[in-house]
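Residue-level structure breakdown
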Amino acid sequence: MPTKDISFCLLPSELIQYIILQLSLPEIIQLKSVNKSIFSIISDGDFIRNYNHQSSSATWLFLYKKRWRREALLYGFADSSNRWFNILICDMLKQVVPPGEDVYFLTANANIFLFALNNTQQLMSVDIMTRIVKNIPPSPLGPRGTSSWRRSGMKLLSCPNSNCNHFRFLFAEYHQNRPTLFEYNSRVETWEYSWGTSDHEVVGQDYYLDDEFIFLSASNGRSGSVIIGVVRSYECNTTITTTPLVIRPTFNEQHAEDHRLAVGFSWGDSIDLLHVYGDGNMMTIRSDKVNNNSNKRKIKRIELWGLSRNNGRYWEFVSTAPNELIHKISKPYGAMMGCMQKTQRITRAILMTNLEGTWETIWLSYNNNSNHWACLQLPDCNMKGSNLAGVTFSSGLTLS
């Protein structure tokens, strides 16, 4: 054992616990193999409870990248850390993924990660702590290719109990020409689905859309959005019991013409206004060409919009990113995509830009209480020459 490891182990156990509590989960897992004393500290029930309580407020960003003829890599970055972590997940996927399969990363929550296989059109879940990989049966819609999944239309809910490895996976889609909520419960390994309320029922009743709702996009397009809202349940052993609400937010006449939009992805000079959706919010990114003879663009304005609290019939303007922030993040790019998340009055967005094979990651956040915008600086993730095969926000990883 190296001398520095011996010196660390000689510290009082209370101080060792304090130091370890400041680390991210990947670092703690590595420490488990140092010696029996540290393993005992990390495995202690009180330490696990303290760490999980502390980590519950952390927000993680996960990127899944691929390189030609090389294994894919999953990287994670926590808002409380200053570096990327390599999440060793490829060896776990090899247990069930056929050779030559195209794997895409869909979403994550706590220790559960969801992947889609493009060729066999299967879904699978990975628990990175227990290293358990499971195939998920096809939904009532049947097998789905990776292009069928929308980040703004799905939500993964892990069990709040750290001793429970079950989860619920929700997604919104049209089924028999009606907006429909689909839910998979890993405890019973079955799917259920329910149709949302009809248009006249939504218009005829008053609903106050607060933070207790989960919002999933059934469709986003130039003609508008269709969003399913359902009351959040905090128990992993229950399914959705309330009828989902169908929300069709529109812009008022003043803004309608300004929001002829591209949804989720823009390329070159084909669009100057990109819309990114998530959790009942929408971010608009307006850009200009760098020069008239170039496909390169630069961000010139970012706006945040949310559902109107009363029935969600309209998109309500929330805030515009300040010019200082735009100046800080505005660099030439050729293509852009993004995703969003809102938790506890904080709205976060990731904008992934690509210019000639080089990726840039922009992490933005907006505090609804203080009306404050911020940009979190991320170190280089060595993405040059890689394909992005999935990006998502997630809640804190937990010990179990």
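Here, every reference points to the structure presented above.
To keep things clear, this report deals only with the structure shown in the data block. Just so we're clear, the structure is a prediction, and the values are computed from it rather than from any experiment.

1. Thoughts on the overall build of the protein chain
In terms of helices and strands, the protein chain carries 9 helices and 25 strands. The buried share among the 400 residues of the protein chain stands at 52%. Long-range pairs, those at least 24 residues apart, make up 54% of the contacts in the protein chain between residues at least 6 apart in sequence. Total accessible area on the protein chain stands at roughly 19600 Å², and carbon and sulfur atoms take up 48% of it.

2. Here we look at empty space enclosed by the protein
Applying the stated criterion across every chain, the model contains 2 cavities of 30 Å³ or more. In this structure, the largest cavity spans a volume of roughly 90 Å³. For the lining of the largest cavity, the class distribution of residues is 9 nonpolar, 4 polar and 1 charged. Lining the second largest cavity are Arg144, Ser148, Trp149, Arg150, Gly153, Met154, Phe171, Ala172 and Glu173.

3. Description of the sheet that holds strand E14 (residues 245-247)
An order of E12-E13-E14 is seen for the 3 strands of this open sheet, with the pairing classed as antiparallel. Lying at the two open borders of the sheet, with one neighbouring strand each, are strand E12 (213-221) and E14. Taken pair by pair, the neighbouring strands of this sheet meet at an average axis angle of 20°, ignoring direction. Note that strand E13 (residues 224-231) and E14 share 3 bridges and pair antiparallel.

4. Observations regarding the pattern of salt bridges
Applying the stated rule across the entire model yields 10 salt bridges. Here Asp279 and Lys155 are joined by a salt bridge, their closest N and O atoms 2.7 Å apart. A residue pair is termed long-range when its members are at least 10 positions apart, and Asp279 in the loop between strand E17 (273-278) and strand E18 (281-289) and Lys155 in strand E8 (residues 154-158) qualify at 124 residues. Taken individually, Asp279 and Lys155 each receive the classification buried, so the pair is uniform in this respect. Here Asp288 makes a salt bridge to Lys300, at a shortest N to O gap of 3.5 Å.

5. Side note on helix H2 (residues 13-21)
Of the positions making up H2, those classed as buried are Ile16, Ile20 and Leu21. In an axial view of H2, the angular spread of the buried residues amounts to 135°, which keeps them on one side of the axis. Across from the buried face of H2, at angles greater than 90 degrees, the exposed residues are Glu14 and Tyr18.

6. Let's talk about the pairing of strand E2 (residues 73-78)
Where burial is concerned, most of E2 is hidden: 5 out of the 6 residues are buried. In this structure, E2 lies alongside strand E3 (residues 85-87), joined through 3 bridges in antiparallel fashion. When the sheet's bridge partners are listed, Gly76 is paired in E3 with Phe85. Here E2 folds back onto E3 in antiparallel fashion, the turn holding 6 residues.

7. Focus: the packing of H2 against helix H5 (residues 45-55)
The geometry of H2 relative to H5 is characterised by a closest axis approach of 11 Å and an angle of 30° between their N-to-C directions. Looking at the two axes, H2 sits roughly parallel to H5. Seen along the crossing, H2 lies across H5 with a hand that is right-handed. Between H2 and H5, the residues in contact are Gln17, Ile20 and Leu21 and Phe47, Asn50, Tyr51 and Gln54, respectively.

8. Examining the packing of helix H4 (residues 36-43) against H5
One way to put it is that H4 packs onto H5 with a least axis distance of 5 Å and a crossing angle of 60°. Viewed along their axes, H4 and H5 adopt a mutual orientation that is oblique. Taken together, the residues of H5 that come into contact with H4 (itself represented by Ile41, Ile42 and Ser43) are Gly45, Phe47 and Ile48. Of the residues contributing to the contact of H4 with H5, the split by class is 4 nonpolar, 2 polar and no charged.

Reading the values: rules and limits
- Sequence order as written defines residue numbering, which begins from 1 separately in each chain.
- Thresholds applied to this predicted model are a pLDDT of at least 70 for local features of residues and 80 or more for the giving and counting of side-chain atom pairs; totals over whole chains, interfaces and linings are not thresholded and use all residues.
- To get the side-chain values, all heavy atoms of the structure are used, and hydrogens and water are removed first.
- A run of H or I in DSSP counts as a helix once it spans at least four residues, and a run of E counts as a strand once it spans at least two, with each numbered from the N terminus.
- Burial classes: relative accessible area under 20% of the type maximum marks a residue as buried, over 50% as exposed, and values in between as partly exposed (1.4 Å probe, protein chains only).
- By definition in these notes, contact holds between two residues if any of their heavy atoms fall within 4.5 Å.
- Each accessible area is a Shrake-Rupley estimate made with a 1.4 Å probe; only the visible protein chains count as cover when residues are assessed.
- Put plainly, a pocket is an open set of points on a 1 Å grid over the protein atoms alone with protein on both sides within 12 Å along at least five of seven lines, a cavity is a set where a 1.4 Å probe fits but cannot get out, and a lining residue has an atom within 4 Å of a point.
- Grid points are joined across faces, edges and corners, and a volume is the space filled by probe spheres set on the points.
- Think of it as three bins: nonpolar holds Ala, Val, Leu, Ile, Met, Phe, Trp, Tyr, Cys and Pro, charged holds Asp, Glu, Lys and Arg, and polar takes everything else, Gly as well.
- For two strands to pair, DSSP has to find at least two bridges joining them.
- Helix axes are fitted only over the stretch in contact, all axes being lines through C-alpha atoms; the angle between N-to-C directions runs from 0 to 180 degrees.
- By convention in these notes, a salt bridge is any Lys or Arg side-chain nitrogen within 4 Å of a carboxyl oxygen on Asp or Glu.
- Throughout, the arc means that of the directions going from the helix axis to the C-beta atoms.
- Between 65 and 115 degrees an angle is taken as roughly perpendicular, under 35 as roughly parallel, over 145 as roughly antiparallel, and anywhere else as oblique.
- For a crossing to be left-handed, the near helix must be turned anticlockwise from the far one by less than a right angle; the clockwise case is right-handed.

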